[in-house]
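Spelled out, the chains give:
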Amino acid sequence: MPDPSDSNHIPHATAMKVPTPDLDEVTADYDKLEARLDAAEDHDARLEVIRDWDGLRRRLDSWRSLAHLRFNQETDNNEYRTEREQCDEMTPRLTRLDVSLKRKLLASPHRPALEEKYGAQAFALWESDVMAFEPIIEEDLVQEAKLEAQYVDLLAHARIGFRGKALNLPQIRRHATGPHRDTRHEAEQARWAWFTDHTPELDRIFDELVRLRTSMAHKLGFASYVELGYRRMQRVDYDAADVARFRSQVRQHVVPLAAALRQRQAARLGVERLYFWDEAVHDPMGNPEPMGDYDWMLSRAQEMFDAMHPDLASFFAMMRDRGLLDLQARNGKSDGGFCTGFPIWGVPFIFGNFNGSKADVEVFTHENGHAFQFHRSSSSMELLDYIWPTAESCEVHSMGLEFLTWPHMELFFGERAERFRRNHLTDSLLFLPYGAAVDHFQHLVYERPEASGDERREMWQEMERTYLPWRRYRDLAHPAAGGFWQLQRHIYINPFYYIDYCLAQTCALQFWLRSREDADATLNAYVALCNRGGRLPFQALVQSAGLASPFDEGVLEHVVGQSQDVLETLASKCSRDSC
Ligand SMILES: [Zn+2]
């Protein structure tokens, strides 16, 4: 396993290559592993088989990550497209091999000794994995990946006519969040006109995905895709009823606060009524923006991490040195930001679409939280399953770092840093109802998979009335008719991965509130949590960092209440000063 303090073995990102696996060879490798496991005479022999299996999985996982990354970087590159298609085609075959070995381990008479060695969490995750797969759904999984790729492709190639230019989605977003109200409105009109033009395609892809996923669930014996979706998310320590209770707390304690925040925002912007194109802007003079270009930002980031913690400092220096960042928007690159990782080298990679707005800093600190955790775990965890924890825990690392970097925001925003902090906190609270709406919507969709496109739009409108009652689209026809959710990538390609952000936000806010009392101790607790990787399920990880579970009675209300108190102080400070 790679040593995190030594980066000599890490190739530069542009030179990274993982050979395309040969399915016959990999199948033979798995056959040998299974035979060796059956024949193993003692504990040590079994551990050796598991070590070899893990090595193989790390190689396959790195290949998958690289194939997907390269395609997202250049969706027009035919070589990358072919590799990604091969990967989508082969992944379910590899899952079959993997699940077969997991079944063997789960049923092993030596399981107690193995659990003692690796921890119970691996076995809980594998139980989830084997419930979510049977060879009978192999072809469906290939088809699902194809449909997801169609959505990514469609959005990556969106060209939006705006004031004589053809813009991609990140570029138009910049205009849609600028200081001039008319420009924002015009940019939103242009953006949503593209969605109107592509409604049949967007509806078709989603409808096929919902039907396909539902059919997979039925083949596996689940009543609906909701149950299968939870298994695929490897949720081992909470269920749909817990999530429903959490959403009801959001409705009860956060929606009224969010409505009040929107009212205050309207007053600050000096508008009688807040329309959708005003929602992203908190200042009449426009949101604070980073004060320099991309290279400048990376230098400021290095300064920030140097000041925060030696482990963050050396990590980020390595990321820059090895070219593990691709953050600038360009045509043909897919939209969005994410962090992926290559276990064979023990390094992560951050992908983004910077457009010069404050979101660049937020995406940057967010993805670096993921990347830092991956880098710490990939060298210390004995099992691939433990490098990343489950998704809601991962988002604590990322959203946590967004808040823990607060004291350093002067580096990016100068004297407007306090405004950035106020906006970031406001947006973080406003996010909770939106996240809950996206999650609730998906439950409705998969509980009634036969619904038509129009019925799904009605479901979304019901969610907006419930969770975002302030929202007004006026003449933006597509979202006014209930189509807003079609730009939310997760709904298409990561079903049920959304409440994770709300659960994580409830934890990230706790980290932040604590850091206001003792910054150093909180940062150390954060680094320790990252070092713990995914050895424990979500609520146990949260507890290990001294945080309360979002599912516990009263936690959300308490956290949001305390955050609101700080927000009041920030808001009055920002209205007094000209910061
Ligand atoms: Zn994230």
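Our subject is the structure listed above.
Just so you know, these numbers come straight off a predicted model, no measurement behind them.

Scoring rules and cut-offs
- Residues numbered from 1 in each chain as written.
- Predicted model: local features only at pLDDT ≥ 70, side-chain atom pairs only at ≥ 80, totals over all residues.
- Helix = DSSP H or I, 4+ residues; strand = E, 2+ residues; numbered from the N terminus.
- Rg over C-alpha atoms; globule rule 2.2 N^0.38 Å.
- Buried ≥ 20, exposed ≤ 12 C-beta atoms within 10 Å, placed from the backbone.
- Contact = placed C-beta atoms within 7 Å.
- Expected span 1.5 Å × (residues − 1).
- Arc of directions from axis to C-beta.
- Axes fitted to C-alpha atoms, helices over the stretch in contact; angles between N-to-C directions.
- Parallel < 35°, antiparallel > 145°, perpendicular 65-115°, else oblique.
- Left-handed = near helix turned anticlockwise from the far one by under 90°.
- Nonpolar A, V, L, I, M, F, W, Y, C, P; charged D, E, K, R; others polar.
- Core = buried A, V, L, I, M, F, W, Y, C linked by C-beta atoms within 7 Å.
- Pairing = 2+ DSSP bridges.

Counting its regular elements, the protein chain contains 24 helices and five strands. Compactness check: the protein chain gives a C-alpha radius of gyration of 24 Å against a globular reference of 25 Å for 579 residues, within 12% of the reference. Seen along its three principal axes, the alpha-carbon backbone of the protein chain occupies a region of about 75 × 55 × 50 Å. Considering the protein chain as a whole, with its 579 residues, one finds that 44% of them fall into the buried category. Taking the contacts inside the protein chain whose residues are at least 6 apart along the sequence as the reference set, 76% of them involve residues at least 24 apart.

This next bit is on helix H18 (residues 453-467). Across its 15 residues, H18 extends 21 Å between first and last C-alpha, which sits within 8% of the 21 Å expected from 1.5 Å per residue. Residues of H18 that are buried: Arg-456, Arg-457, Met-459, Trp-460, Met-463, Glu-464 and Tyr-467. Down the axis of H18, the buried set is contained in an arc of 155°. They therefore lie on one face. Within H18, the exposed residues directed more than 90 degrees away from the buried face are Asp-454 and Arg-465. On its buried face, H18 sits against helix H11 (240-269) and helix H17 (417-447).

A separate point is the packing of H11 against helix H24 (residues 555-576). Viewed as axis vectors pointing N to C, H11 and H24 meet at an angle of 15°, and their least axial separation amounts to 10 Å. The orientation of H11 relative to H24 falls into the category roughly parallel. Every pair of crossing elements has a handedness; the one defined by H11 and H24 is right-handed. Residue-level contacts link Gln-249, Val-250, His-253, Val-254 and Leu-257 of H11 to Leu-556, Glu-557, Val-560 and Gln-564 of H24. Grouping the amino acids of the contact of H11 with H24 by side-chain chemistry returns five nonpolar, three polar and one charged.

Below, the discussion takes up the environment of Gly-435. When you line up the elements, Gly-435 lands in helix H17. Owing to 23 C-beta atoms within 10 Å, Gly-435 belongs among the buried residues under this scheme. Counting along the chain gives 29 residues from Gly-435 to Glu-464, while the straight-line C-alpha distance between them is 11 Å. In this structure Gly-435 touches Tyr-498, Ile-499, Tyr-501 and Cys-502, once residues within four positions along its chain are discounted.

One way to put it is that helix H15 (residues 391-404) packs onto helix H21 (residues 499-515) with a least axis distance of 8 Å and a crossing angle of 40°. By the angle between their directions, the pair H15 and H21 is classed as oblique. Note that H15 runs across H21; the crossing there is right-handed. Contact residues: H15 offers Ala-391, Glu-392, Glu-395, Val-396, Met-399, Gly-400, Glu-402, Phe-403 and Leu-404, while H21 offers Asp-500, Tyr-501, Leu-503, Ala-504, Gln-505, Cys-507, Ala-508, Phe-511, Trp-512 and Ser-515.

Counting 139 residues, the largest nonpolar core has Ala-437, Phe-441, Ala-508 and Phe-511 as the members making the most contacts within it. The residues contacting Phe-441, other than those within four sequence positions of it, are Met-459, Trp-460, Met-463 and Trp-485.

This part is about the sheet that holds strand S3 (residues 325-328). The strand order across the open sheet formed by three strands is S3-S5-S4, and the pairing between neighbours is mixed. Here the strands that pair on one side only, and so sit at the sheet edges, are S3 and strand S4 (338-342). Pairwise comparison of adjacent strand axes, ignoring direction, gives a mean angle of 15° for this sheet. Sheet contacts for helix H2 (residues 43-73): S3, S4 and strand S5 (347-354); angle to S4, the most-contacted strand, approximately 140°.

Moving on: the pairing of S5. By the criterion of burial, S5 is predominantly enclosed, with eight of the eight residues buried. Every second residue of S5 is oriented toward a common face, with Val-347, Phe-349, Phe-351 and Asn-353 on one face and Pro-348, Ile-350, Gly-352 and Phe-354 on the other, all of them buried. Examined bridge by bridge, S3 and S5 share three bridges and lie parallel to one another. For Gln-328, the partnering residue across the bridge sits in S5 and is Phe-354. Inspection of the sheet shows S4 paired to S5 by five bridges, in the antiparallel sense. Each bridged residue has a counterpart across the sheet, and for Thr-340 the counterpart in S5 is Phe-349. The antiparallel pairing of S4 with S5 creates a hairpin that spans four residues between the two strands, and Gly-346 there sits at a positive phi of about 70°.

This part is about unusual backbone geometry. Not every positive phi belongs to a glycine, and Gln-234 is a case in point at roughly 55°. Topologically, Gln-234 is positioned in the loop between helix H10 (225-232) and H11. Of note in this structure, Phe-496 is not a glycine but carries a positive phi near 70°. Position of Phe-496 among the secondary structure elements: in the loop between helix H20 (489-493) and H21. Looking at Phe-496, the number of C-beta atoms within 10 Å reads 24, which means it is buried.

Right, let's talk about the environment of Val-542 for a bit. Mapping Val-542 onto the fold places it in helix H23 (residues 538-544). The exposure class assigned to Val-542 is buried, which follows from the 25 C-beta atoms found within 10 Å. Each C-alpha atom of the pair Val-542 and Pro-469 lies 32 Å from the other, and the pair is 73 residues apart in sequence. With near-sequence residues (within four places) excluded, Val-542 lies in contact with Cys-507, Leu-547 and Ser-549.

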